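Here is what each chain is made of, one letter per residue.
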Amino acid sequence: MKRLPLREKFLAISLCGLIFSRSPLSRVELNHELIHVAQQRELLYLPFFIWYVAEWLLLLCKYRDMEKAYLNIRFEQEAYRHERDLDYLSNRKHYCYH
């Protein structure tokens, strides 16, 4: 997939267990997306997306900045915090996005 239906700066997106990217992902980028896949799976996909969008909207009202709101979503914080730990998923506890 060459173009994502999102802003130009996004490299990849995880949707229902599938990862779409503009170009091949590094191990760190892939790990970030795989963390999102694990989050989505444990929340049974649809509730994940409802929670993700609702939290983003609330944070957007709070910060009035799209990127700051995005970076403060709990799911993104977990993924960014652990993306460089390539063993994280094998040791990750369920529901640990806080």
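All of the points below concern the structure found in this document.

Criteria and thresholds
Residues numbered from 1 in each chain as written. Predicted model: local features only at pLDDT ≥ 70, side-chain atom pairs only at ≥ 80, totals over all residues. Heavy atoms only, no water. Helix = DSSP H or I, 4+ residues; strand = E, 2+ residues; numbered from the N terminus. Buried < 20%, exposed > 50% of the residue type's maximum accessible area, 1.4 Å probe, protein only. Contact = heavy atoms within 4.5 Å. Phe/Tyr/Trp six-rings, centres within 6.5 Å; stacked < 30°, edge-to-face > 60°.

1. Remarks on the environment of E33
As for its position among the elements, E33 is in helix α1 (residues 27-42). The buried category is assigned to E33, whose relative accessible area is 8%. When the C-alpha atoms of E33 and F20 are compared, they prove to be 9.4 Å apart, with 13 residues separating the residues in sequence. Setting aside residues up to four positions removed in sequence, E33 forms contacts with A12, I13, S14, I19 and L25.

2. Things to note about the packing of aromatic side chains
For the structure shown, the criterion picks out eight aromatic pairs. Arranged with centres 6.3 Å apart and planes meeting at 10 degrees, the rings of Y52 and F75 form a pair that is stacked. Of this pair, Y52 sits in helix α2 (residues 46-63) while F75 sits in helix α4 (residues 74-82), and the two are 23 residues apart along the sequence. Neither residue differs from the other here; Y52 and F75 are each classed as buried. Summarising the aromatic geometry, the rings of Y70 and Y80 are spaced 6.3 Å apart at their centres and angled 90 degrees between planes, so their arrangement reads as edge-to-face. In this pair, Y70 sits in helix α3 (residues 66-71) while Y80 sits in helix α4, placing the two residues ten residues apart along the sequence. Accessibility expressed as a relative area gives 14% for Y70, which makes it buried.

Just geometry here; none of it tells us what the structure is for.
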